Amino acid sequence: MLEKILSSCKLSSVSKIIEHAPIQFNRRLLYTTPVHYKKQAGRYRVTHRGDFPLTYEMANPPHQIAHRKSWNSWNTSNIVGGVRPAETAVEDVFIRKFMSGTWHNLFVSEIIIKRQYNIIRIAGIIQRTVNPRKLYFLIGYTEELLSFWLQCPIKLELQTVAERKDVIYKYI
Amino acid sequence: MMNIPVFLKSPRNVKQANYLSSLLYRKLSHSADVEEKIEIPKRIPRGPTDILRALESTITRDPTAAHYKYHDDPYLIPKSNVGKRTFAMAQEAGRKAAHWIRREHADLFNHREADPVIQAFLPRVVYNEDSEVTENDLKQTIEDVQVADAVIVYKALKSKGVKVSKETEQSLLDLLCYFNSEDTLSEEFIEERWFMQSSRSKERHRKIWKDGNLAEEIFISIENPTAEAYSTIIQGMTKHFQVTRAWELYEEAQNKGLVLSTNTYNSLIRVVNFLKEQYDMRWVLIVNLLTDMNKLGLKPNLATLNAILQALSTMGGGNAAKDNALKTLREFKKLGIEPSLGSYYFLLVTFCKERGPKSTILYDIMAHIENKEHKIRDLSDTNFFVTAMDVCRNHLNDVEMAKRVDRLLHIGNNYDLIGDSYKESIYYRHYFILLVTYVPLDEFMNQTYDKLVPNIYVPEPGVMLELLTQVELNAAVEYIPKLWSDMTVFDHTTRENLLELISNIMVNNPPADSELRERFSYIAWDMYNKIESQNENRYNKITLTGEMLGKIMTLLLKNDDFSKACAVMEKLDKGHSSIVGIPKFETLSLFVDKCIENKAPSQAIRCIQYCADSGFPEVNSLAVRLDEKLTLDEELLGSLTKAVGNFRLDNKSSANVE
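None of the values given here were measured: they were computed from a predicted structure.

Peer 1: Would you mind showing me how to read the overall build of chain B here?
Peer 2: Broken down by element type, chain B carries 33 helices and zero strands. At 37 Å, chain B has a C-alpha radius of gyration far larger than the 26 Å of a compact globule built from 658 residues. Projecting the C-alpha coordinates of chain B onto the three principal axes gives extents of approximately 110 × 95 × 65 Å. Counting the 658 residues in chain B, one finds 45% classified as buried. Of the contacts formed within chain B by residues at least 6 apart in sequence, a portion of 69% connects residues at least 24 apart. Summed over its atoms, the accessible surface of chain B is roughly 36,700 Å², and 52% of this surface lies on carbon and sulfur atoms.

The following block contains the structure:
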């Protein structure tokens with residue numbers, strides 16, 4: 001910023017600015033708030049070759065939430081009178097990590113977590129690279145283990161697609 | 001009021017008329033209110049789940065969807081019996097894996113997330129010989145039906161010399177006797193229970209009581225056992241068919257003058273056929289036991305009735321058993337004990353013997369139980385529906401009755417009484433075979449088959465055979481494509497008899513429209529490929545016979561799939577020494593005709609060669625036809641002559657004869 005000002009001013013006028021605002025230049029400010037990448041978060045950069053696949057959700061930037069796409073976590077923790085906002089957020093992160101690790105390379109969509117009363121429903125789209133029998137094993141395992149961990153009923157709501165290509169909305 | 005119709009004539013006045021009528025209505029209803037007294041209904045106390053139950057009662061089973069235990073996704077919906085079983089069991093196996101992890105890392109799962117704490121989510125307490133236990137732990141394990149844990153806790157208590165109270169000892173004895181001192185499958189694993197029982201029923205009626213187990217030890221260690229302890233141990237022994245010891249203990253208790261419980265008598269009556277060999281002796285023993293009960297002032301209950309009827313059902317097909325069964329029923333009716341479905345099940349077993357006179361008792365039974373909702377009251381209740389359907393099919397051959405039984409099964413929650421997966425499939429097997437034999441095929445296909453298959457019931461190969469036989473009898477070839485695709489999905493295409501039957505039907509009933517012909521040709525080719533691509537190491541592989549190949553070829557040729565037919569012909573020709581049987585001459589003749597049509601003389605000559613090798617006397621006529629229709633060059637003519645000899649000469653000579 002300062003450089004810009006300096007370059008735009010004539011050299012003779014620099015001293016004038018310094019005279020007028022001596023305090024500004026003598027004090028060094030430390031900005032401690034995390035940077036808010038408002039223009040970058042949740043957006044994908046166009047690649048050179050234009051071959052980066054995006055799902056429909058990825059293709060829509062955050063400001064399209066509630067317009068063209070929806071939330072990934074559904075709960076009432078953050079409305080007035082909601083309970084356990086911090087715990088809910090941490091648990092959701094845990095669930096997402098657990099799901100992507102246990103269902104390795106199977107999810108081709110975001111993992112949607114919906115909470116109603118004490119029930120947590122985990123939804124998503126998976127690809128059919130694994131035998132349905134194994135998928136049923138994973139369903140049983142995930143539902144049971146997560147309910148032991150979070151101590152509430154967990155349900156999976158899965159849909160399958162033949163391959164990853166089926167959920168690609170566009171390439172950029 | 002009279003004016004209203006006049007108002008209504010012009011549309012402009014409609015609004016006015018409405019206003020007026022509403023006024024009138026208000027006035028009328030108001031005057032009615034004055035006369036009527038508002039009665040506020042009494043509050044009905046509701047349970048916490050009553051609303052859910054009310055909602056649930058509005059939903060019936062949707063036959064177009066898979067059972068709700070499966071995921072609603074085309075890839076994850078099972079389509080065959082094997083699929084249904086493996087998917088459900090795989091899910092349960094996954095749940096068990098989670099249980100295993102929780103058990104192995106119990107220290108990690110001790111956090112308390114839920115408020116109030118839900119015990120089911122927390123890891124189980126692990127006991128061993130040295131753990132610090134109190135009587136309360138023992139009570140808790142008994143409460144939770146953890147048989148093995150209860151045994152460990154009990155032993156730990158004994159080794160520490162802790163005195164266990166009489167009541168706890170008795171309830172432990174109850175637990176051990178009921179479960180034969182073995183851990184039982186947790187009630188959580190419903191799928192395993194649903195699919196398991198079929199295998200368990202086979203080992204029925206065999207002594208499974210473990211002699212000298214902890215239950216017996218505890219019983220012996222009790223000084224002066226009470227009547228209660230005697231009752232428990234006798235019931236445990238009879239339940240697991242240690243009959244002789246049970247009877248000894250019964251006599252011991254008699255001598256001591258102890259009054260045993262009604263259920264003990266019931267259990268003894270149930271095993272009376274192990275105690276006495278002859279039928280009349282068995283009945284005498286039952287009567288004696290009942291007289292004893294009467295003397296002691298014990299009131300019989302439903303289990304007594306069912307025990308007597310069960311014992312009678314094992315006493316052959318004589319009239320004595322039947323008479324006694326009816327007498328018993330009458331007697332218990334007088335006592336005000338309503339028979340359960342299990343009682344009727346035993347009646348059916350007694351009356352409808354395989355090699356006995358026909359009995360119409362099911363009609364009388366249905367009069368009592370029809371259009372009612374039944375709850376389980378006895379373990380044997382789950383046998384009723386499958387047996388009733390068996391009787392309908394094998395004993396009565398009565399479709400109407402079968403439909404009535406089926407209607408009863410679908411009233412309220414009666415479907416809970418179907419038992420397990422094995423009983424369910426037997427029930428539907430009987431129902432299907434009966435319907436397919438006696439109901440017009442169209443009606444059966446539209447109303448039953450399309451509705452129940454595949455989500456509720458997947459027909460076994462035997463049922464499919466019956467269905468195909470009916471299709472053959474009715475010449476209803478329009479169902480063949482559908483049935484073939486079902487057979488493919490249900491994994492029936494490895495059954496030789498089914499393949500033979502379906503190909504017979506297709507060959508013997510040549511369809512008129514070209515679409516069906518095309519489908520048939522597709523099926524035939526599919527069949528051929530399926531058999532050809534069988535795994536080499538399969539246990540009972542299907543071997544292609546000459547007849548089968550001939551039928552496949554006919555079907556292909558009818559649809560002008562000449563190249564595919566050539567492939568089949570080649571297979572026949574190459575495997576001439578290994579393939580059993582030969583196709584019909586008509587097929588080969590048809591093939592030659594199609595060769596002529598397609599101008600493929602070399603294929604035709606190969607076929608004629610094959611005919612000659614197979615020893616068909618009519619082979620000359622084929623050669624002649626080929627020669628007439630197509631102009632053959634020298635080389636081809638030479639090979640044709642090589643195959644059948646000098647056919648031109650024969651032809652001329654035969655012409656001369658004519």
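Peer 1: Just to check I follow, could you spell out the interface of chain A and chain B for this structure?
Peer 2: Size of an interface: often given as the accessible area lost when the parts come together. Facing 28 residues of chain A, the contacting portion of chain B comprises 30 residues. Between chain A and chain B, a total of about 2,500 Å² is buried, with carbon and sulfur atoms accounting for 65% of that surface. Together, Tyr136(A), Phe148(A) and Gln151(A) form the three largest contributors to the area buried by chain A at its contact with chain B, with a combined 34%. Among the ionic pairs, Arg95(B) bridges to Glu144(A), the shortest N-O distance being 3.1 Å.

Peer 1: What am I meant to see in the sheet that holds strand 5 (residues 154-161) of chain A here?
Peer 2: The pairing of strands in a sheet comes from backbone hydrogen bonds and takes either a parallel or an antiparallel form. All names here are of chain A. The mixed open sheet is built from four strands, whose spatial order is 2-3-4-5. Edge positions in the sheet fall to strand 2 (73-74) and strand 5, since each of these pairs with one other strand and no more. Bridge count between strand 4 (residues 119-127) and strand 5: eight bridges; the pairing is parallel. Residue Ile125 lies in a different strand from strand 5, and its bridge partner there is Gln159. Set on the sheet, helix 5 (residues 85-102) makes contact with strand 2, strand 3 (112-116), strand 4 and strand 5; between it and strand 3 the angle comes to about 135°. The strands touched by helix 6 (residues 132-150) are strand 4 and strand 5; relative to strand 5, the strand with the most contacts, the crossing angle is about 150°.

Peer 1: Just to check I follow, could you spell out the pattern of salt bridges for this structure?
Peer 2: All names here are of chain B. Summed over the entire model, instances satisfying the criterion amount to 28 salt bridges over all chains. A salt bridge links Arg95 to Glu188; its shortest N-O distance comes to 3.7 Å. Taken together, the positions of Arg95 in helix 4 (residues 81-104) and Glu188 in the loop between helix 7 (166-179) and helix 8 (190-200) put the pair 93 residues apart, joining distant regions of the chain. On the basis of relative accessibility, which here comes to 35%, the residue Glu188 falls in the partly exposed class. Among the salt bridges present, the one from Arg245 reaches Glu216, with a minimum N-O distance of 3.1 Å. Of this pair, Arg245 sits in helix 11 (residues 243-256) while Glu216 is found in helix 9 (residues 214-221), placing the two residues 29 residues apart along the sequence. For Arg245, a relative accessible area of 28% translates into the label partly exposed. When its relative accessible area of 9% is taken as the criterion, Glu216 is described as buried.

Peer 1: Can you walk me through the packing of helix 7 of chain B against helix 10 (residues 227-239) of chain B in this structure?
Peer 2: To characterise two packed helices, one gives the angle between the axes of the helices and the distance between these axes. Residue and element names in this part refer to chain B. Their axes nearest at 8 Å, the elements helix 7 and helix 10 cross at an angle of 10°. By the angle between their axes, helix 7 is roughly parallel relative to helix 10. Mapping the contact onto sequence places Gln170, Leu173, Asp174, Cys177 and Tyr178 in helix 7 and Glu228, Ala229, Thr232, Ile233, Gly236 and Lys239 in helix 10. Counted by class, the contact of helix 7 with helix 10 contains five nonpolar, three polar and three charged residues.

Peer 1: Could you clarify how one ought to interpret the packing of aromatic side chains in this entry?
Peer 2: Aromatic ring pairs: the centre-centre distance and the angle between the two ring planes describe each pair. Enumeration according to the criterion identifies 26 aromatic pairs over all chains in this entry. Summarising the aromatic geometry, the rings of Phe94(A) and Trp149(A) are spaced 5.7 Å apart at their centres and angled 25° between planes, so their arrangement reads as stacked. Of the two residues, Phe94(A) sits in helix 5 while Trp149(A) sits in helix 6, which places them 55 residues apart along the sequence. The exposure class assigned to Phe94(A) is partly exposed, which follows from its relative accessible area of 32%. Measuring from ring centre to ring centre gives 5.3 Å for Trp525(B) and Tyr528(B), while their planes differ by 25°; the resulting arrangement is stacked. Of the two residues, Trp525(B) and Tyr528(B) are both situated in helix 26 (residues 514-532); the distance of three residues between them amounts to about one turn of the helix. The same class applies to Trp525(B) as to Tyr528(B), namely buried. Site record: aromatic cluster; members linked through ring pairs are Tyr427(B), Tyr428(B), Tyr431(B), Phe432(B), Phe444(B), Tyr449(B) and Tyr457(B). The ring of Phe189(B) has Lys96(B) lying over it, and the distance from NZ or CZ to the ring centre is 5.0 Å.

Peer 1: Hey, could you run me through the environment of Pro617(B) in this one?
Peer 2: Along the polypeptide, Pro617(B) turns up in the loop between helix 30 (601-614) and helix 31 (619-629). Look at Pro617(B) and you get exposed, because its relative accessible area is 71%.

Peer 1: So what exactly am I meant to see when it comes to the UniProt feature "repeat: PPR" (unreviewed entry) in chain B here?
Peer 2: In the UniProt entry, the feature "repeat: PPR" (unreviewed entry) is given for residues 226-260 of chain B. This span, residues 226-260 of chain B, is 77% helix and 0% strand, and a straight line between its end C-alpha atoms measures 9 Å.

Peer 1: Before we go on, may I ask you to explain the side chain of Thr493(B) in this structure?
Peer 2: Relative to the elements of secondary structure, Thr493(B) occurs in the loop between helix 24 (480-489) and helix 25 (496-508). With near-sequence residues (within four places) excluded, Thr493(B) lies in contact with Trp484(B), Met487(B), Thr488(B), Leu499(B), Lys530(B) and Ile542(B).

Peer 1: Teacher, can you tell me more about helix 20 (residues 399-409) of chain B here?
Peer 2: Since the α-helix advances by 3.6 residues per turn, residues separated by three or four positions end up pointing in the same direction. Residue and element names in this part refer to chain B. Within helix 20 the residues assigned to the buried category are Val399, Met401, Ala402, Val405, Asp406, Leu408 and Leu409. The secondary structure elements touched by the buried residues of helix 20 are helix 18 (361-369), helix 19 (384-396) and helix 21 (421-438). Put simply, Asp398 is the residue that caps the front of helix 20, since its side-chain oxygen is 3.0 Å from the backbone nitrogen of Glu400.

Peer 1: Would you mind showing me how to read the nonpolar core here?
Peer 2: Within the largest apolar cluster, 172 residues are counted, with the highest numbers of intra-cluster contacts made by Phe384(B), Tyr449(B), Ile480(B) and Phe591(B). Top element by residues in this core is helix 21 of chain B. It accounts for nine residues. The contact partners of Phe591(B), leaving out residues within four places of it in the chain, are Met553(B), Leu557(B), Phe562(B), Ala565(B), Cys566(B), Met569(B), Gln603(B) and Cys607(B). Residues Ile120(A), Leu146(A), Ile154(A) and Leu76(B) belong to the second largest nonpolar core, which totals 33 residues.

Peer 1: I'm lost on a nonpolar patch on the surface in this one. Help?
Peer 2: On the surface, a cluster of nonpolar side chains totalling about 260 Å² of accessible area is made up of Phe94(A), Trp149(A) and Leu108(B). Structurally, Leu108(B) can be placed in the loop between helix 4 and helix 5 (135-143).

Peer 1: What am I meant to see in the environment of Glu547(B) here?
Peer 2: Residue position: Glu547(B) is located in helix 27 (residues 546-558). Residues Glu547(B) and Asn263(B) lie 284 residues apart in sequence; the distance between their C-alpha atoms is 64 Å.

Peer 1: Can you help me understand the environment of Gln235(B) in this one?
Peer 2: Residue and element names in this part refer to chain B. Mapped onto the elements, Gln235 comes out in helix 10. With 107 residues separating them along the chain, Gln235 and Asn128 place their C-alpha atoms 29 Å apart. What Gln235 contacts, discounting residues up to four positions off in sequence, is Ser261, Asn263, Thr264 and Ser267.

Peer 1: What should I look at first to understand unusual backbone geometry in this one?
Peer 2: What you tend to see is this: most non-glycine residues have negative phi, and most peptide bonds are trans. For the bond running from Asp115(B) to Pro116(B), omega is 5°, close enough to zero to count as cis. Cis rather than trans, the peptide bond between Val453(B) and Pro454(B) has omega equal to 0°. Mapped onto the elements, Pro454(B) comes out in the loop between helix 22 (441-452) and helix 23 (461-474). If you check the backbone angles, Tyr117(A) has positive phi at about 50° while not being a glycine. A relative accessible area of 87% means that Tyr117(A) is categorised as exposed. Backbone geometry places Asn224(B), a non-glycine residue, at a positive phi of 50°. As for its position among the elements, Asn224(B) is in the loop between helix 9 and helix 10.

Reading the values: the criteria
- By convention here, each chain's residues receive numbers from 1 onward along its written sequence.
- Working convention: letters from A go to chains and numbers from 1 go to ligands, in the order in which they are written.
- At least 70 in pLDDT is required for a residue's local features to be given in this predicted model, at least 80 for side-chain atom pairs to be given and counted, and no such filter applies to totals for whole chains, interfaces and linings, which use all residues.
- Derived side-chain values reflect all non-hydrogen atoms in the structure, with water molecules and hydrogen atoms excluded from consideration.
- To qualify as a helix, a DSSP run of H or I must reach at least 4 residues; to qualify as a strand, a run of E must reach at least 2; elements of each kind are numbered from the N terminus.
- Atoms considered for the radius of gyration are the C-alpha atoms alone. The globule rule reads 2.2 Å times the number of residues to the power 0.38.
- Accessible area is worked out with a 1.4 Å probe on protein chains only. A residue is then buried under 20% of its type maximum, exposed over 50%, and partly exposed in between.
- Only heavy atoms enter the contact rule, under which two residues are in contact if any of them lie within 4.5 Å.
- Only the protein chains shown count as cover for residues, and all accessible areas are computed by the Shrake-Rupley method using a 1.4 Å probe.
- Summed over both partners, the accessible area lost on bringing two parts together, with a 1.4 Å probe, is the buried area.
- One speaks of a salt bridge when a side-chain nitrogen belonging to Lys or Arg is within 4 Å of a carboxyl oxygen belonging to Asp or Glu.
- The pairing criterion for strands is at least two bridges between them, as found by DSSP.
- Angles here are taken between N-to-C directions and fall from 0 to 180 degrees, while the axes themselves are lines fitted to C-alpha atoms, restricted in helices to the stretch in contact.
- The scheme is simple: roughly parallel for angles under 35 degrees, roughly antiparallel for over 145, roughly perpendicular for 65 to 115, oblique for anything else.
- Think of it as three bins: nonpolar holds Ala, Val, Leu, Ile, Met, Phe, Trp, Tyr, Cys and Pro, charged holds Asp, Glu, Lys and Arg, and polar takes everything else, Gly as well.
- When two rings of Phe, Tyr or Trp (its six-membered ring) have centres within 6.5 Å they constitute a pair, described as stacked for plane angles under 30 degrees, edge-to-face for angles over 60, and tilted for the intermediate range.
- Charge-over-ring placement is defined geometrically: NZ (Lys) or CZ (Arg) within 6 Å of the ring centre, and within 35 degrees of the ring normal.
- UniProt positions are given in the numbering used here, feature names are shortened, and annotations may be inferred rather than shown by experiment.
- As used in this structure description, the phrase polar contact means that two N or O atoms lie within 3.5 Å; if the pair is within protein, one of them must be able to donate a hydrogen and the other to accept it, and residues adjacent in sequence are counted only when both atoms belong to side chains.
- As used in this record, nonpolar core signifies buried Ala, Val, Leu, Ile, Met, Phe, Trp, Tyr and Cys residues forming a set joined through side-chain atoms within 4.5 Å.
- Patches here: salt-bridge-free residues with over 30% relative accessible area, like charges joined within 9 Å, nonpolar side chains (Val, Leu, Ile, Met, Phe, Trp, Tyr) joined within 5 Å.

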